[in-house]
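# A look at the structure
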Amino acid sequence: VKEEEEEVSAATAAQQERPATQPAWQGLVACWELVCVRHWRPRPEFVQAMRLIQGERVRVLCTDGIWAWGHALKAPARWARFPVGVLAQPGRPPRPWHADDVAFVAEPFEAPSDILGYMSVEPGDTIRLLRPTQEPHVWAYAQRIPVHGEVDQVGSPDAGWIPECVLRRRGAA
């Protein structure tokens, strides 16, 4: 949280230092599709900013080097701004998954502490998808496969939403 506040403070200071003649959004580009690499929550006074959760895929229309203007792929009607520093090129395009697919976790994901329904996973975890993913294949509802074969119930801490980008098919790099 402290890191997020420092990033927002730095972005605010940079916005205030910008000369009045320089446009707030420069570098209009063909849309980039990027992925959020860590959770980010705007302060309440940033009314045009949007909270992002690690793994969220976004479409960015333009950036000023500090802020990006775009939308989450799962919410294309809600345009907002978010810091460039929490975005990166995705390692691969999103893939569709089917119910009962088994995958392994290649990257860590820590569930947001203030939102229910997400599941934290670590590299090496094996999961089973409980539902098929839907376009644009950003989130997967899955259950961790227990190491010792015990059975967990849907809705337990070992089942929830995880970003598709942390998953790999068996045998895939």
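## Considering the sheet that holds strand S3 (residues 67–72)
Taken in spatial order, the five strands line up as S4-S3-S2-S1-S5 in an open sheet, and their pairing is antiparallel. The open sheet terminates on both sides in strands that have one partner only, identified here as strand S4 (80–83) and strand S5 (87–88).

## Structural notes on the environment of Val102
For Val102, the location among the structural elements is in strand S6 (residues 102–105). The contact partners of Val102, leaving out residues within four places of it in the chain, are Trp97, Thr126, Ile127, Arg128, Ile145 and Arg170.

## Notes on the sheet that holds strand S8 (residues 139–144)
Within the open sheet, the five strands sit side by side as S9-S8-S7-S6-S10. Their pairing is antiparallel. This sheet does not close on itself; its edge strands, each paired only once, are strand S9 (159–163) and strand S10 (167–169). Recorded for the sheet is a direction-independent mean angle of 50 degrees between the axes of neighbouring strands. With three bridges connecting them, S6 and strand S7 (residues 126–129) associate as antiparallel partners. From the neighbouring strand, Phe104 faces S7, where its bridge partner is Thr126.

## Points about the pairing of strand S1 (residues 32–36)
As paired strands, S1 and strand S2 (residues 57–63) are joined by four bridges and run antiparallel to one another. Bridging from a neighbouring strand, Trp32 pairs with Val60 of S2. Two strands pair when backbone bridges link them, and S1 and S5 are joined in this way by two bridges, in the antiparallel orientation. Opposite Val35, over in S5, you have Ala88 as the bridge partner.

## A closer look at the side chain of Thr133
If you trace the backbone, Thr133 turns up in the loop between S7 and S8. A relative accessible area of 9% places Thr133 in the buried class. A polar contact of 2.9 Å, which involves the side chain of Thr133, links it to the backbone nitrogen of Trp97. Among the polar contacts listed, one links the side chain of Thr133 to the side chain of His137, at a separation of 2.8 Å. Excluding residues that lie within four positions of it along the chain, Thr133 makes contacts with Arg95, Pro96, Trp97, Trp139 and Ala140.

## What to know about the confidence of the model for the chain
When the pLDDT values of the chain are averaged, the result is 82; 75% of them are 70 or greater. Under a pLDDT of 50 for its full length, residues 7–26 has, in the predicted model, 31 contacts with residues more than four places off or in other chains.

## What to know about the pattern of salt bridges
For the coordinates displayed, the defined rule picks out 10 salt bridges. With a closest N to O distance of 3.9 Å, Arg57 and Glu164 form a salt bridge. Highlighted residues: Arg57 in strand S2 and Glu164 in the loop between S9 and S10, separated in sequence by 107 residues. Per residue, the accessibility class of Arg57 equals that of Glu164, and both read buried. Between Arg144 and Asp158 there is a salt bridge; the shortest N-O distance is 2.9 Å.

## Focus: the packing of aromatic side chains
All chains considered together, the criterion is met by six aromatic pairs. Ring geometry for Phe109 versus Trp139: centroids 6.2 Å apart, planes at 65 degrees, classification edge-to-face. Of the two residues, Phe109 sits in the loop between S6 and S7 while Trp139 sits in strand S8, which places them 30 residues apart along the sequence. By relative accessible area, which is 1% here, Phe109 ends up buried. Residue classification places Trp139 among the buried residues on the basis of a relative accessible area of 11%. One aromatic cluster is present, formed by Trp40, Phe46 and Trp67 through successive ring pairs. Here the basic side chain of Arg131 rests over the ring of Tyr141, its NZ or CZ set 4.6 Å away from the ring centre. Against the face of Trp97 rests Arg169, its NZ or CZ located 4.0 Å from the ring centre.

The rules behind each value
Residues numbered from 1 in each chain as written. Predicted model: local features only at pLDDT ≥ 70, side-chain atom pairs only at ≥ 80, totals over all residues. Heavy atoms only, no water. Pairing = 2+ DSSP bridges. Helix = DSSP H or I, 4+ residues; strand = E, 2+ residues; numbered from the N terminus. Contact = heavy atoms within 4.5 Å. Axes fitted to C-alpha atoms, helices over the stretch in contact; angles between N-to-C directions. Buried < 20%, exposed > 50% of the residue type's maximum accessible area, 1.4 Å probe, protein only. Polar contact = N/O pair within 3.5 Å; in protein donor to acceptor, adjacent residues only side chain to side chain. pLDDT = per-residue confidence, 0-100. Salt bridge = Lys/Arg side-chain N within 4 Å of Asp/Glu carboxyl O. Phe/Tyr/Trp six-rings, centres within 6.5 Å; stacked < 30°, edge-to-face > 60°. Lys NZ or Arg CZ within 6 Å of the ring centre and 35° of its normal.

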